[in-house]
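# Commentary on secondary and tertiary structure
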Amino acid sequence: MKTKRADSHHQCIVCAAPEQNPASLDLLFTQMRAQQVQARFMVDQRYQGYQGVLHGGIAATLLDAAMTQCLVAQGIEAMTASLDVRFHMPIAIGSRLTVIGRQLAQKRNIYLMEAELVANGLCYASAKAKFMLPKQPKVAP
Ligand SMILES: CCCCCCCCCC(=O)SCCNC(=O)CCNC(=O)[C@H](O)C(C)(C)COP(=O)(O)OP(=O)(O)OC[C@H]1O[C@@H](n2cnc3c(N)ncnc32)[C@H](O)[C@@H]1OP(=O)(O)O
């Protein structure tokens with residue numbers, strides 16, 4: 001089941017429709033099971049850092065987004081409180097990635113999440129993160 005583009009982040013750099021944000025990576029997540037989502041991402045040369053290699057910041061953004069979207073799909077609009085990324089192998093321009101996010105646990109108001117960037121059955125990057133619901137409005141007035 002495709003997840004809806006939520007009103008809370010309709011101009012999101014990761015998942016907005018291009019008419020809402022021309023710079024969007026235009027990811028569309030699918031809910032695979034209760035606490036897991038995934039999306040496909042074609043690594044094109046706009047996203048490179050070192051020549052021919054996906055920029056690590058973009059890889060981290062994809063991982064963060066998958067975990068966020070896993071919670072959003074459950075109606076939980078939480079903020080990334082901490083993010084620990086491991087870059088296992090360089091990701092070549094031209095790769096077709098599957099971006100997977102899943103929930104591991106909830107401890108009080110903290111959601112423990114993990115995510116992976118996978119291609120050809122190999123995990124190129126992974127992350128663990130903690131998400132929290134903000135007590136205050138998300139952005140300072
Ligand atoms: C494709 C889908 C895209 C969807 C939209 C895109 C969103 C993508 C995700 C993001 O990028 S969100 C933006 C990046 N993140 C932020 O801007 C978060 C900024 N930080 C905050 O808003 C707050 O610090 C936060 C909500 C994380 C926590 O604020 P609180 O006021 O609720 O917590 P507080 O600081 O009072 O601490 C409460 C408890 O949580 C604990 N805590 C806080 N941060 C923690 C942490 N990182 N890890 C573990 N514990 C933590 C803290 O120690 C404390 O423990 P105790 O109750 O035992 O004293």
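Thresholds applied
Residues numbered from 1 in each chain as written. Predicted model: local features only at pLDDT ≥ 70, side-chain atom pairs only at ≥ 80, totals over all residues. Heavy atoms only, no water. Buried < 20%, exposed > 50% of the residue type's maximum accessible area, 1.4 Å probe, protein only. Helix = DSSP H or I, 4+ residues; strand = E, 2+ residues; numbered from the N terminus. Pairing = 2+ DSSP bridges. UniProt positions renumbered as here; feature names shortened; annotations may be inferred. Polar contact = N/O pair within 3.5 Å; in protein donor to acceptor, adjacent residues only side chain to side chain. Contact = heavy atoms within 4.5 Å. Near = heavy atom within 4 Å. Areas by Shrake-Rupley, 256 points an atom, 1.4 Å probe, with all protein chains shown as cover. Nonpolar A, V, L, I, M, F, W, Y, C, P; charged D, E, K, R; others polar. Expected span 1.5 Å × (residues − 1).

Each regular strand displays side chains that alternate between the two surfaces of the sheet. Across the 10 residues of strand E5 (residues 110-119), seven count as buried, placing the element largely inside the fold. Sheet topology note: the strand E4 (residues 96-107)/E5 ladder contains nine bridges and is antiparallel. Within E5, the position partnered with Gln 106 by the bridge is Tyr 111. Where E4 folds back onto E5 in an antiparallel hairpin, the turn is made up of two residues, including Arg 108, whose phi is positive at roughly 50 degrees.

Moving on to the UniProt feature "domain: Thioesterase" (unreviewed entry) in the protein. Here the UniProt-annotated "domain: Thioesterase" (unreviewed entry) positions come out as residues 51-119. Between the end C-alpha atoms of residues 51-119 there is a gap of 19 Å, over a span that is 25% helix and 45% strand.

Here Gln 36 lies in strand E2 (residues 36-42). Looking at Gln 36, the relative accessible area reads 9%, which means it is buried. At 3.3 Å, the side chain of Gln 36 and the side chain of Arg 102 are in polar contact. When near neighbours in sequence (up to four residues on either side) are disregarded, Gln 36 contacts Thr 30, Gln 31, Cys 70, Ile 100, Gly 101 and Arg 102.

Right, let's get into the site of the ligand. Of all residues adjacent to the ligand, which total 18 residues, the nearest are Gln 69, Thr 80, Ala 81, Met 132 and Lys 135. At 3.5 Å, a side-chain N or O of Asp 64 approaches an oxygen atom of the ligand. Between the ligand and Lys 135, the relevant distance is 2.8 Å, taken from an oxygen atom to a side-chain nitrogen or oxygen of the residue. Summarising the interface, the protein chains cover 54% of the accessible area of the ligand, which totals 1200 Å² for the free molecule. Elements supplying a minimum of two residues to the shell around the ligand: helix H1 (56-72), strand E3 (79-87) and strand E6 (122-132). Here the shell around the ligand is composed, by residue class, of 10 nonpolar, five polar and three charged.

The next subject is unusual backbone geometry. Of note, Asp 26 is a non-glycine position whose phi angle comes to about 60 degrees, a positive value. Among the secondary structure elements, Asp 26 is positioned in the segment before strand E1 (30-33). The phi dihedral of Arg 108 falls on the positive side, at around 50 degrees, and the residue is not glycine. Arg 108 gets classed as exposed once you look at its relative accessible area, which sits at 77%.

Our next topic: the pairing of E1. Note that E1 and E2 share three bridges and pair antiparallel. Directly across from Thr 30, in E2, lies its bridge partner Gln 38. Taking the residues that link successive antiparallel strands as the turn, the E1-E2 hairpin has two residues.

With that out of the way, let us pick up H1. Between the first and last C-alpha of H1 there are 24 Å, a value that for 17 residues agrees with the 24 Å anticipated at 1.5 Å per step. Of the residues making up H1, those classed as buried are Ala 59, Ala 60, Leu 62, Leu 63, Ala 65, Ala 66, Met 67, Gln 69, Cys 70, Leu 71 and Val 72. Against the buried residues of H1 lie E2, E3, E4, E5 and E6.

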